Each structure stands twice: as structure tokens, then as C-alpha cells.
Amino acid sequence: MNTLLFPVILAGGKGERFWPLSRKDRPKQFLSLDGSSRSLLQATADRLIELGGAWDSLWVITSSQIAEGVKQQLPDLPVENLLIESEGRDTAAAVAWTSLEIKQRYGEDAVIGFFPADHWIADQEAFAHTLNAATQLATSTAAIVTLGIKPTFPSTGYGYIEQGEKIGSFNELPAYHVNRFTEKPDRETAETFLSTGRFSWNSGMFVFRAGVVLKELHTHAPEIIEPLEQHGPDIYPQLPKKSIDYALMEKTTLAYVLPVDFGWDDLGDWNAIERLLKKEETPNVELATHVGLDTQGAIIYASNPEDVVVTIGLEDVVIVRDRNVTLVVKKERTQEIKQILKILQSDSRFSDLL
């Protein structure tokens, strides 16, 4: 792996759709959801360190609420490589601040990669091969490279990237100019996208040179980059809350995509557990002591191995038992967990459940 790549883990998310397991004191990135002993954050760090770098080259940006937890999870991370946001302002501010810090330390030609803390990746070798290609492209071209995941079904939960003109191959992978980014489409549109063969899922992983992205931020998002340059991170609470997609990627003409396939899931909600762990010979996904009668298509999780979950005649549900909360929800309605959290937040009786 090219050691000029400085990987950055975006670790500020809440993971509310994994409530009640994910809470303020234990966000999704601190959880192990694949049956392993490593949390999503630790697995992401392991994956990036294995690319041939070292802890000195790895950076993490997170929120002040969970910074101590990040330090406990990643004790080998140099303290100067941990950026702590006083207030979450979405990914555009996080990318801008981190890029400024890395440029100051290593220069504007430093190649930076941004990686969410909560992704699952199956094929480490293919992932490393892809990052090598992205680093080559970013090194040789004024490019903001995004990794586009080859879609396996017409998802309505992911954003899409349409590839345009092919600009060459890097590490044997074809690279394309981005025609456009599209937010989560309806089912019919997603099916049309897949039929063309020109669309990838937007993974939220980016690679670019520090100087390139900072120049583009000056052009397309001066309201974020200029206050940071003038006042430093103290200005953070006053920055607009925008995603990097909205603030930059949908506007820049320097966006390029590498369509890749290394086994990927963004672990967006409880249904992701089924995609990772479901076996054909078993009727349910059980990460709990479960006794069931005529129950199938269920996802069952209990954080306490002494808790027993008993079901009769259930189908296509998610059951989660954690501490003092039990969640039961139809699988097709797990996106609505955020609405339940808003109800809980409005009632002081439930403050300890959040």
C-alpha cells in the first residue's frame, strides 16, 4: 500500500437505528455486530492499519461526547491524531477540518482517505487493491475519488453515482468521471439505474490530495472552509451543518468514481445483521438464547447471555433485548426507530433509555 495515504475514520455518528443497543454512551461504532470480538470502529482501524501504514498515519475525527470511548477502543492511536468536534456539524466540516490539519503537518500533496467507522467489508485483499488504485488516481490527477459499490439489488436506502467518461485504469481498475450523484431513489428509479450498468452505490468513502479538496471547498463551500482557516476549530459550533455530498461532491467537476466489489455493507439498521449472518439452513438470525415455536425470518439479539427470548408464531420481526429495554419491530419498519427516539426524548421518564 502507498504509505502516502493518510486514512481518516469518521467516527462521530450516533447509529440511532441500532437502538436500544446503540445509545449515547455506547454508539454504533463501539458495537460488535458480526459475532466477532472487535467493534466496528476497531475493525475499521484494523483494516486500515493492515493496508501497510502505521498508527502514526491513522487519524480519527469524533464527537466530544464519545472521545474518551474512542481512546479506550483505540489505545494505540496517537493523541495528536484524534480530532474532537465540540459539536457535530456533519461530514463537510469534518472533512474540511481534518484536511486542514493534515495539510499543515504533511503538505498539500498528502493523500487523504475518509472512511466511515461503521462499514463492514468482506474482502480485505480486494479492499487494499482498490485503495491502491484510488491513491494512484489521486496522486496523478486533481481528483476527488469516490468508491462506488457495484449494486447487488435495487436499494432505495443508498445514494447512487452515475459514471460518465472512462479516464483510464489504475491498478487494473477502471476509473470514470462522475456524471451525477442521486439521493435515495424510489424502487422504480433504482431498478432503472441497475439496468443501465452505469450506476454504483455511494459508499461515502473518498480519497484525494489535501490541496485539491481544500481548493474545491473554497470554491463550493467557503462558508465552511474560510471560518475554519481564520478561527480554527473554536468556530465549529457556528459552522453550517452539511454533508460532504451536498456541500461538495454534487457540485465539483473533479469527482471520479472507481466501481468496486469487495463485499460491503454500511450496517444502516438491524436488517444488516441478517445480510451478514443469515444461513440458509436456519430460520432466524439469533444472537441470543432463543426458544421459538413457529418463528421464522426473525432477527433476535440479547446483550445479556442469561436473558432468554421466547417467541411463538412470529415472522419477519426484529427483537432486541438490552439492559432495561426490549424492542419488537417489523423488519420493514426499522427505519422508524428514529421516530420512537424522538418520542422518548420528549418525556423525562425515559431519559436513561437514550
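Above this text sits the structure in question.
Conventions and cut-offs
- Residues numbered from 1 in each chain as written.
- Predicted model: local features only at pLDDT ≥ 70, side-chain atom pairs only at ≥ 80, totals over all residues.
- Heavy atoms only, no water.
- Buried < 20%, exposed > 50% of the residue type's maximum accessible area, 1.4 Å probe, protein only.
- Helix = DSSP H or I, 4+ residues; strand = E, 2+ residues; numbered from the N terminus.
- Contact = heavy atoms within 4.5 Å.
- Core = buried A, V, L, I, M, F, W, Y, C linked by side-chain atoms within 4.5 Å.
- Pairing = 2+ DSSP bridges.

1. Regarding helix H6 (residues 210-220)
- Considered for burial, the residues of H6 that qualify are Ala210, Val212, Val213, Leu214, Glu216 and Leu217.
- On its buried face, H6 is in contact with helix H3 (90-106), strand S4 (111-116), strand S6 (144-149), strand S9 (199-209), helix H7 (222-231) and helix H8 (244-249).

2. Considerations on unusual backbone geometry
- Each neighbour pair has its own omega, and for Trp19 with Pro20 the value is 10°, a cis peptide bond.
- When you line up the elements, Pro20 lands in the loop between strand S1 (5-10) and helix H1 (40-49).
- With a phi close to 50°, Arg323 is a non-glycine residue in the positive phi region.
- When you line up the elements, Arg323 lands in the loop between strand S16 (317-322) and strand S17 (325-330).

3. Topic: the nonpolar core
- In this structure, Ile9, Phe127, Leu258 and Phe262 are the most contacted members of the largest nonpolar core, which totals 45 residues.
- Residue contacts for Ile9: discarding those within four places in its chain leaves Leu41, Thr44, Ala45, Leu48, Leu58, Trp59, Val60, Ile61, Phe115 and Ala117.
- Membership of the second largest hydrophobic core comes to 43 residues, among which are Ala110, Ala210, Tyr236 and Leu239.

4. Comments concerning the pairing of strand S15 (residues 308-312)
- Of the two faces of S15, only the one carrying Val309 and Thr311 is buried; Val308, Val310 and Ile312 on the other face are not.
- Here five bridges tie strand S13 (residues 289-293) to S15, and the two strands are oriented parallel to one another. Bridging across to S15, Leu293 finds its partner in Ile312.

So yeah, pure geometry; function would need other evidence.
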